[in-house]
Amino acid sequence: MKNPNKIKTTGPKGLASQTMVNAAIEFMEAVGDSNFSLRKLASKIACDPMSLQYHFKSKKGLERAMAEELTRRITTISDLEPWDQRLQHLAYQYREIALAYPNTFKLMQQFWSTGLADYIRAEYVCQALTDAGCNDNQVTSFCLGYYACIIGLAASEAGGLLRPADETDIQDIKKLPDQGFELTKKLAPAFQAVEPGQVFAYTVDLFIEGIRKALPKKSPPGN
């Protein structure tokens, strides 16, 4: 039986596309997106650039396959679990992948969908929202909002935006005029005390609580 999650693996000279994708992710993490190219990757893995062209058609095609591979590594929990726990678990899976592969993870923001694995997880999110009691319009809006929120948060944390303020930041704040920046100066120690994952956790909880509050009110029994 064929595995629908599996990447096509054969091509010219017997090269494996899965091997190429894994090597591309490793290379992206080593050199960053600005230094990533098909030519440089081909040189790194000692293959003909035309082999990459054959498998992925273009750099964008390879990047889509790379994002799809990261999605494939994200696990889900049983549909029998409460809907909010399913969404929370999936959110933290995206965060874990983002922290492990910060350069490649940014590719997820470039595609509406990366392929089958992405659709499988989107179906999982839609099912959780349906089980929560959302109507069709809410399911589509909340699903898109969920992905924008989670992927954006995870990418921001991996990229450093959600880190605690460091000494350079604190010195910059101290140099601000007293007038007009009273709260920024007052909150500087709190910004410095932000713990890893704190903003992510707080925002995910807020998003799920927002879904809960948007659900249609159930009528009392007997009405």
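Caption draft 1: Spotlight on unusual backbone geometry. One non-glycine residue, A46, adopts positive backbone phi at about 55°. For A46, a relative accessible area of 71% translates into the label exposed. Although it is not a glycine, K57 sits at a positive phi angle of roughly 70°. Locating K57 in the fold gives a position in the loop between α3 (49–56) and α4 (59–72).

Caption draft 2: Structural context of the nonpolar core. Counting 53 residues, the largest nonpolar core has L62, M66, L87, Y94, F105, L129 and Y147 as its most contacted members. Elements with a contribution of two residues or more to this core: α1 (17–31), α2 (38–45), α3, α4, α5 (83–100), α7 (116–132), α8 (136–159) and α11 (198–214). Of all the elements, α8 adds the most residues to this core, at eleven residues. Those residues in contact with L87, other than ones at most four positions away along the chain, are V125, A128, L129, Y146, I208 and I211.

Caption draft 3: Looking closely at the packing of α5 against α8. Orientation of α5 relative to α8, taken along the N-to-C sense of each, is 35°, at an axis distance of 8 Å. In the crossing of α5 with α8, the sense of the turn from one axis to the other is right-handed. Note on element contacts: α8 touches α5 through Y146, Y147, I150, I151, A154, A155, E157 and A158, opposite L87, L90, A91, Y94, R95, A98 and L99. For the contact of α5 with α8, the per-class residue count stands at 13 nonpolar, no polar and two charged.

Conventions we followed
Residues numbered from 1 in each chain as written. Predicted model: local features only at pLDDT ≥ 70, side-chain atom pairs only at ≥ 80, totals over all residues. Heavy atoms only, no water. Buried < 20%, exposed > 50% of the residue type's maximum accessible area, 1.4 Å probe, protein only. Helix = DSSP H or I, 4+ residues; strand = E, 2+ residues; numbered from the N terminus. Core = buried A, V, L, I, M, F, W, Y, C linked by side-chain atoms within 4.5 Å. Contact = heavy atoms within 4.5 Å. Axes fitted to C-alpha atoms, helices over the stretch in contact; angles between N-to-C directions. Left-handed = near helix turned anticlockwise from the far one by under 90°. Nonpolar A, V, L, I, M, F, W, Y, C, P; charged D, E, K, R; others polar.

Distances and angles like these do not, on their own, reveal function.
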